[in-house]
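So the chains spell out like this:
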Amino acid sequence: MTQAQEATAPAREGFDEITILWISEGMSCDGDTVSMTASAQPSIEDLVNGRIPGLPKVNLHNKVLSPAVGGEQFLAPFRAAARGELDPFILVIEGSIPNENVNGDGFWTSFGNDPDTGEPMTLNRWIDMLAPRAWAVVAAGTCAAYGGIHAMAGNPTGCMGLADYLGWDFRSAGALPIVNVPGCPIQPENFMETLTWVLYHAAGSAPPPPLDSMLRPQWLFGKTVHEGCDRGSYYEQADFARDYNSPKCQVKVGCWGPVVNCNVPKRGWMGGLGGCPNVGGICIACTMPGFPDKFMPFMDQPPGGSLSTMLIKPYGAFIRRMRAITNRTANREPKWHHKRDALTSGYDPRWRP
Ligand code: SF4
Ligand code: SF4
């Protein structure tokens, strides 16, 4: 940018510093925090050490990643934010939110005590205090996004996802909807990419992250597992695994990939390695709002799978045979590759007299 352009350019509106208040004191296993530490693009260390150009300085408060700070010292920024003395901040919730209206004589959760009464302060109370003041609210993992495993049929806590608790039309102080990053746990880079986008938006240098109707980042959850699975060619040829040791398509042994929004098989888990159906683990739909009840029992064939595999069977078997014939031809070298005395490659030296 020239000096003249700099003089006329509107001032960038954004924050130079922002705090992340991360609470996992709901129905949570902390698996999303642990998963996040496996990200390399970017890594959490790069983020908090300011090694990513253009991002605000990030102050992260996450209990798993702050082992040296405990008790009231750890709670201090949370209490300051609740008093309106810490701004701006991003609230990250990990774990589902119980229904404290049905907690009997006790509390389903606790994150510090109320200084006035000495009674435990529930996750719900913290959300009530912090969410309206937060510049952005992020749900890390399927439990925080949609309720997840803890909200399955028969659970005693009546727990739910953040949007069920705050309302699907909730808007943060930064005018953002809740940003859901589902996954059980989150795929490391899916979460860090989303957080980085939110931070670039906070810096004033990016639009809000595009979300779908379930508040998921569109670029991560817009396609199905099946659309990114490298076993899809077995499916297309109607070549299905009958047990869990097979390298073939696993739809008949429980894979829900064709109807699940997730990019893990395409992306891998850590540094492109690992995944689910691509490496032999059926997709159990852990990113989905209907998880887990709509997909259990996991190791049974999905109901839709029998119809689609039946329809594709005659075509797939025929195509497989045809391809096998062409494959045999393609596996032979041309006949002019030899060491006999005569050249048989078809070379025609036209320019010779
Ligand atoms: S293993 Fe699952 S995701 Fe992969 S091709 Fe088969 S049905 Fe699709
Ligand atoms: S592929 Fe299926 S089981 Fe694996 S992370 Fe995605 S949704 Fe979960």
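Every value quoted in this text rests on a predicted model; they were computed, and no experiment measured them.

Parameters at a glance
Residues numbered from 1 in each chain as written. Chains lettered and ligands numbered in written order. Predicted model: local features only at pLDDT ≥ 70, side-chain atom pairs only at ≥ 80, totals over all residues. Heavy atoms only, no water. UniProt positions renumbered as here; feature names shortened; annotations may be inferred. Helix = DSSP H or I, 4+ residues; strand = E, 2+ residues; numbered from the N terminus. Contact = heavy atoms within 4.5 Å. Buried < 20%, exposed > 50% of the residue type's maximum accessible area, 1.4 Å probe, protein only. Near = heavy atom within 4 Å. Nonpolar A, V, L, I, M, F, W, Y, C, P; charged D, E, K, R; others polar. Patch = residues over 30% accessible without salt bridge, like charges linked within 9 Å, V, L, I, M, F, W, Y side chains within 5 Å. Areas by Shrake-Rupley, 256 points an atom, 1.4 Å probe, with all protein chains shown as cover. Salt bridge = Lys/Arg side-chain N within 4 Å of Asp/Glu carboxyl O. Pairing = 2+ DSSP bridges. Axes fitted to C-alpha atoms, helices over the stretch in contact; angles between N-to-C directions.

Describing the UniProt feature "binding site: [3Fe-4S] cluster" (unreviewed entry) in the chain
Alright, step 1. When the UniProt feature table is mapped onto this chain numbering, "binding site: [3Fe-4S] cluster" (unreviewed entry) sits at Cys283 and Cys286.
Alright, step 2. Here Cys283 is to be found in the loop between helix 11 (264–267) and helix 12 (303–330).
Alright, step 3. If near-sequence neighbours (up to four positions away) are discounted, Cys283 is found in contact with Val225, Gly254, Cys255, Trp256, Gly257, Val260 and Pro277.
Alright, step 4. Looking at the secondary structure, you find Cys286 in the loop between helix 11 and helix 12.
Alright, step 5. For Cys286, the residues in contact, after removing those within four places along its chain, are Thr142, Gly183, Cys184 and Phe291.

Examining the UniProt feature "binding site: [4Fe-4S] cluster 2" (unreviewed entry) in the chain
Alright, step 1. Per the UniProt record, "binding site: [4Fe-4S] cluster 2" (unreviewed entry) is annotated on His226, Cys229, Cys249 and Cys255. For the annotated residues, spread through 30 residues, the largest C-alpha to C-alpha distance comes to 11.1 Å, consistent with a single compact locus.
Alright, step 2. Along the polypeptide, Cys229 turns up in the loop between helix 9 (218–221) and helix 10 (232–236).
Alright, step 3. The class of Cys229 is buried, set by a relative accessible area of 16%.
Alright, step 4. Ignoring sequence-local partners within four residues, the contact set of Cys229 consists of Pro265, Pro277 and Asn278.
Alright, step 5. For Cys249, the location among the structural elements is in the loop between helix 10 and helix 11.

Brief notes about the side chain of Ser66
Alright, step 1. Checked against the element boundaries, Ser66 lands in the loop between strand 2 (57–61) and helix 4 (71–82).
Alright, step 2. Sequence-distant contacts of Ser66, defined by excluding residues within four places in its chain, comprise Leu60, His61 and Phe74.

Re the site of ligand 2
Alright, step 1. Neighbouring ligand 2 are the residues Val225, Val260, Cys262, Val264, Pro265, Cys276, Cys283, Ile284, Ala285, Cys286 and Thr287.
Alright, step 2. Class assignment for the residues of the shell around ligand 2 results in 10 nonpolar, 1 polar and no charged.

What to know about the site of ligand 1
Alright, step 1. Residues in contact with ligand 1 amount to 13 residues; listed here are only the nearest, His226, Cys229, Cys249, Gln250 and Cys255.
Alright, step 2. Taken together, the residues of the shell around ligand 1 sort by class into 8 nonpolar, 4 polar and 1 charged.

Some remarks on the environment of Gly141
Alright, step 1. The topology assignment puts Gly141 in the loop between strand 4 (136–140) and helix 6 (142–146).
Alright, step 2. Taking the C-alpha atoms as reference, Gly141 lies 7.6 Å from Asn180; in sequence the two are 39 residues apart.
Alright, step 3. Once residues lying within four places of it in the same chain are set aside, the contact partners of Gly141 are Asp32, Val181, Pro182, Gly183 and Ile186.

Quick look at unusual backbone geometry
Alright, step 1. Here the residue pair Phe291 and Pro292 is connected by a cis peptide bond, since its omega of 0° sits within 30 degrees of zero.
Alright, step 2. With respect to the secondary-structure elements, Pro292 resides in the loop between helix 11 and helix 12.
Alright, step 3. Geometrically, the link from Met296 to Pro297 is a cis peptide bond, its omega value of -5° lying close to zero.
Alright, step 4. In this structure, Pro297 sits in the loop between helix 11 and helix 12.
Alright, step 5. Phi angles above zero are rare outside glycine, and Asp30 is one such case at about 65°.
Alright, step 6. For Asp30, the location among the structural elements is in the loop between strand 1 (17–23) and helix 2 (31–36).
Alright, step 7. The phi torsion at Ala285 lies on the positive side, around 70°, for a residue other than glycine.
Alright, step 8. Within the element layout of this structure, Ala285 appears in the loop between helix 11 and helix 12.
Alright, step 9. Take Ala285: its relative accessible area is 0%, and that puts it in the buried class.

A word on a nonpolar patch on the surface
Alright, step 1. Among the surface-exposed residues, Val34, Val64 and Leu65 lie close enough to one another that they form a single nonpolar patch of about 210 Å² accessible area.
Alright, step 2. Mapped onto the secondary structure, Leu65 falls in the loop between strand 2 and helix 4.
Alright, step 3. Under the relative-accessibility criterion, Leu65 is labelled partly exposed at 31%.

A look at the sheet that holds strand 3 (residues 89–94)
Two modes of strand pairing occur in sheets, parallel and antiparallel, and in both the strands are linked by backbone hydrogen bonds.
Alright, step 1. Spatially, 2-1-3-4-5 is the arrangement adopted by the 5 strands of the open sheet, whose pairing is parallel. Looking along the sheet, the strands with just one partner apiece sit at the ends: strand 2 and strand 5 (179–181). Direction aside, the axes of adjacent strands within the sheet are offset by 20° on average.
Alright, step 2. Where strand 3 lies against strand 4, 5 bridges are found, and the strand directions are parallel. Each residue of the ladder has a partner; that of Ile90, found in strand 4, is Ala136.

Overview of the pattern of salt bridges
Alright, step 1. Applying the stated criterion to the full structure yields 11 salt bridges.
Alright, step 2. One salt bridge in this structure joins Arg79 and Glu72, with 2.8 Å as the shortest N-O distance.
Alright, step 3. Given a relative accessible area of 13%, Arg79 falls into the buried group.
Alright, step 4. The salt bridge involving Arg216 is made with Asp212; its shortest N-O contact spans 2.9 Å.

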